[in-house]
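# Structure assessment
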Amino acid sequence: FQLETVKSFKPVVSAILNLTPDHLNRHGTMTEYGRCKANIFRNQDSSNYAVANYDDKASYGLFSDCKAEVIPFSRRVVLKKGAFLKDGKLVVIDEEEKVICGADELKIIGDHNIENALAAIAICYWAGIDTDTIRAGLIEFGGVEHRIEYVRTIDGVKYYNDSKGTNTDATIIAIRALKENILLLAGGDAKKQDFMPLADEVEGSVKHIFLYGRDAADIKKALDKKGFKDYSIYDDLPQAVKAAKDASQSGDQVLLSPACASWDHYKNFEIRGEHFKEIVRGF
């Protein structure tokens, strides 16, 4: 939202990680949403750098008129310049190729976090930080609160707080990170999203979805269209968490990743995540 009114902001290094549907209740269209994101590099010049996700064509296309030097990062392609994944290693290349660390050395989980790490490598390297410092930062980093944050294990069931998952894409990423035996807690302020991409993702990974909040019916409609029937609906988050605990078995993973904003019941996603952790720690 701050980028909507950019006038003189000119970073040495800018970055756009992706462009997926979000905040359309405010921006109206993906084109307008992308235009606002692209304001991050509008005032940059050839002495600056702009870090771009080579694998995400929607956001990469925004850089077609960028005046800064575009530095790509990729999880899928070995690049001639930029940061990329090669043979399980996170690599940066400018004039010569340098291995930063192994993907298996990261404490944060999921392919999306490999992409985040590659973006961080590119940002830091072209900002002039040495590779030893970049490596130390990556392998010591334990993750950020409310982003697939491990809470505790109860009777063989792991609980994760991903309250920052406020749109469908973020929740899909969390599902892919945990992979299987997921009991998903979802719902809240839907922000006029299309939940069909989420409905397409859950089969085979999610055992049951515990819906709650004001716009739970919006997610239900998408699940019904897909034919996914393993869901139930609750009035609020505490009821949904209790139901998930009661339904869980050893080896399951209870994941709060709402795919919605928190504003129907909570002031922000941080308060929602703290409430979830409080509930889980009280079991």
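In case you missed it, the structure is sitting above this.
The present account deals with the structure reproduced in this document. (Residues numbered from 1 in each chain as written. Predicted model: local features only at pLDDT ≥ 70, side-chain atom pairs only at ≥ 80, totals over all residues. Heavy atoms only, no water.)

We now examine the overall build of the protein. Each helix and strand counted, the protein has ten helices and twelve strands in total. Scaling as 2.2 N^0.38, a compact globule of 283 residues should have a C-alpha radius of gyration of about 19 Å, and the protein matches this with 20 Å. Projected onto its principal axes, the C-alpha positions of the protein cover 55 × 40 × 30 Å. Residues classed as buried in the protein amount to 48% of the 283 residues present. (Helix = DSSP H or I, 4+ residues; strand = E, 2+ residues; numbered from the N terminus. Rg over C-alpha atoms; globule rule 2.2 N^0.38 Å. Buried < 20%, exposed > 50% of the residue type's maximum accessible area, 1.4 Å probe, protein only.)

For the coordinates displayed, the defined rule picks out six aromatic pairs. An angle of 75° between the planes, with centres 5.3 Å apart, marks the rings of Y54 and Y60 as edge-to-face. On the accessibility criterion, Y54 (28% relative accessible area) is partly exposed. Between Y125 and W126, the ring centres sit 4.9 Å apart and the planes meet at 70°, which makes this aromatic pair edge-to-face. Taking the ring centre of F269 as reference, the NZ or CZ of K164 above it sits at 5.5 Å. A cation sits over an aromatic face here: K245 above F283, 5.4 Å from the ring centre. (Phe/Tyr/Trp six-rings, centres within 6.5 Å; stacked < 30°, edge-to-face > 60°. Lys NZ or Arg CZ within 6 Å of the ring centre and 35° of its normal.)

In this section: the sheet that holds strand β3 (residues 69-74). An order of β1-β2-β3-β4-β5-β6 is seen for the six strands of this open sheet, with the pairing classed as mixed. Whereas interior strands pair on both sides, the edge strands pair on one side only; in this sheet they are β1 (13-16) and β6 (97-102). For this sheet, the mean angle separating the axes of adjacent strands, direction not counted, is 25°. Strand direction decides the pairing type here: strand β5 (residues 89-93) and β6, joined by five bridges, are antiparallel. Bridged to L90 within β6 is C101. The strands touched by helix α5 (residues 131-140) within the sheet are β5 and β6, with β6 carrying the most contacts at an inclination of about 20°. (Pairing = 2+ DSSP bridges. Axes fitted to C-alpha atoms, helices over the stretch in contact; angles between N-to-C directions. Contact = heavy atoms within 4.5 Å.)

For β5, the buried fraction is high: four of the five residues fall into the buried class. Pairing geometry for strand β4 (residues 82-86) and β5, over five bridges, is antiparallel. Bridging across to β5, G82 finds its partner in I93. The loop that links β4 with its antiparallel partner β5 comprises two residues; one of these, D87, has a positive phi angle of about 55°.

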